[in-house]
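In case you want the letters, here they are:
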Amino acid sequence: MKKLLVVLVILSFTSFTKISENVYICGPKGSSKYHYTENCRGLNACKHEVVKKSLKEAKGLGLTLCGWED
(Lines give C-alpha, C1' and ligand atoms only; values in the text may rest on other atoms or scores of the structure.)
Protein backbone atom coordinates (compact mmCIF):
# COMPACT_ATOMS: atom_id res chain seq x y z
CA MET A 1 0.00 0.00 0.00
CA LYS A 2 2.86 2.38 0.82
CA LYS A 3 4.49 1.72 -2.55
CA LEU A 4 1.26 2.61 -4.34
CA LEU A 5 0.99 5.81 -2.35
CA VAL A 6 4.59 6.76 -3.20
CA VAL A 7 3.98 6.12 -6.90
CA LEU A 8 0.82 8.25 -6.85
CA VAL A 9 2.62 11.11 -5.12
CA ILE A 10 5.47 10.99 -7.66
CA LEU A 11 3.01 10.96 -10.57
CA SER A 12 1.09 13.91 -9.14
CA PHE A 13 4.27 16.03 -9.14
CA THR A 14 5.36 14.98 -12.61
CA SER A 15 4.44 17.41 -15.35
CA PHE A 16 3.03 15.94 -18.50
CA THR A 17 3.55 17.94 -21.69
CA LYS A 18 0.74 17.53 -24.17
CA ILE A 19 1.85 17.90 -27.74
CA SER A 20 -0.52 20.15 -29.61
CA GLU A 21 -2.71 18.51 -32.23
CA ASN A 22 -2.69 21.66 -34.36
CA VAL A 23 0.30 23.62 -35.60
CA TYR A 24 0.86 26.79 -37.62
CA ILE A 25 2.80 27.25 -40.82
CA CYS A 26 3.63 30.27 -42.96
CA GLY A 27 1.62 30.40 -46.16
CA PRO A 28 -0.05 27.70 -48.19
CA LYS A 29 3.23 26.31 -49.56
CA GLY A 30 6.98 26.75 -49.32
CA SER A 31 7.24 26.41 -45.54
CA SER A 32 9.95 24.25 -44.00
CA LYS A 33 8.98 24.61 -40.33
CA TYR A 34 5.87 24.25 -38.20
CA HIS A 35 5.07 26.14 -35.00
CA TYR A 36 3.04 25.13 -31.93
CA THR A 37 1.81 28.67 -31.28
CA GLU A 38 0.50 31.26 -33.67
CA ASN A 39 2.61 33.91 -31.90
CA CYS A 40 5.91 32.04 -32.30
CA ARG A 41 8.94 34.25 -32.89
CA GLY A 42 9.76 32.14 -35.94
CA LEU A 43 6.61 33.38 -37.69
CA ASN A 44 7.58 37.08 -37.39
CA ALA A 45 9.13 37.13 -40.87
CA CYS A 46 6.16 35.41 -42.52
CA LYS A 47 5.02 37.41 -45.55
CA HIS A 48 2.01 35.18 -46.19
CA GLU A 49 -1.03 34.15 -44.21
CA VAL A 50 -0.36 31.93 -41.17
CA VAL A 51 -2.21 28.67 -41.80
CA LYS A 52 -3.42 26.22 -39.14
CA LYS A 53 -2.75 22.54 -39.95
CA SER A 54 -2.79 19.27 -38.06
CA LEU A 55 0.54 18.08 -36.71
CA LYS A 56 0.20 14.87 -38.72
CA GLU A 57 -0.39 16.84 -41.93
CA ALA A 58 2.59 19.13 -41.28
CA LYS A 59 4.90 16.17 -40.68
CA GLY A 60 3.49 14.54 -43.82
CA LEU A 61 4.60 17.60 -45.78
CA GLY A 62 8.13 17.08 -44.45
CA LEU A 63 8.05 20.09 -42.12
CA THR A 64 10.15 20.14 -38.96
CA LEU A 65 9.69 21.94 -35.64
CA CYS A 66 10.79 25.56 -35.49
CA GLY A 67 14.10 26.08 -33.69
CA TRP A 68 12.55 28.65 -31.35
CA GLU A 69 10.18 26.04 -29.93
CA ASP A 70 12.34 22.99 -29.30
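Residues numbered from 1 in each chain as written. Predicted model: local features only at pLDDT ≥ 70, side-chain atom pairs only at ≥ 80, totals over all residues. Heavy atoms only, no water.

Caption draft 1: Here's a closer look at the nonpolar core. Grouped together as the largest cluster of nonpolar side chains are six residues: V23, I25, Y34, L55, A58 and L63. Of all the secondary-structure elements, those providing two or more residues to this core are β1 (22–26) and α2 (55–60). Residue contacts for V23: discarding those within four places in its chain leaves Y34, H35, Y36, V51, K52, K53, S54, L55 and A58. (Core = buried A, V, L, I, M, F, W, Y, C linked by side-chain atoms within 4.5 Å. Buried < 20%, exposed > 50% of the residue type's maximum accessible area, 1.4 Å probe, protein only. Helix = DSSP H or I, 4+ residues; strand = E, 2+ residues; numbered from the N terminus. Contact = heavy atoms within 4.5 Å.)

Caption draft 2: Seen up close, the environment of P28. Within the secondary structure, P28 sits in the loop between β1 and β2 (33–34). Residue P28 is classed as exposed on the basis of its relative accessible area, which comes to 66%. Distance from P28 to H48, taken between C-alpha atoms, is 8.0 Å for residues 20 residues apart in sequence.

Caption draft 3: Representation of the pattern of salt bridges in the model. For the structure on display, the rule yields one salt bridge. A salt bridge links K53 to E57; the shortest N-O distance between them is 3.5 Å. Of the residues examined, E57 reaches a relative accessible area of 40% and is grouped as partly exposed. (Salt bridge = Lys/Arg side-chain N within 4 Å of Asp/Glu carboxyl O.)

Caption draft 4: Structural context of the state of the cysteines. Within the structure shown, the criterion is met by one disulfide. The disulfide bridge from C26 ends at C46, spanning 2.0 Å between sulfur atoms. Linking C26 and C46, the disulfide has an S-S dihedral of approximately 90° and is accordingly described as right-handed. With a gap of 20 residues between them, C26 in strand β1 and C46 in the loop between β2 and β3 (50–54) connect regions that are remote in the sequence. Taken individually, C26 and C46 each receive the classification buried, so the pair is uniform in this respect. Looking at the unpaired C40, the closest cysteine sulfur is the one in C66, lying at 3.8 Å. With a relative accessible area of 5%, C40 lands in the buried category. We classify C66 as buried; its relative accessible area is 4%. (Disulfide = S-S within 2.5 Å.)

Caption draft 5: Representation of the environment of C66 in the model. Looking at where C66 falls in the secondary structure, it is placed in the segment after β4 (64–65). It is 8.7 Å that separates the C-alpha atoms of C66 and C40, two residues lying 26 residues apart in sequence. In this structure, C66 is in contact with K33, Y34, H35, C40 and G42, ignoring residues within four places of it in sequence.

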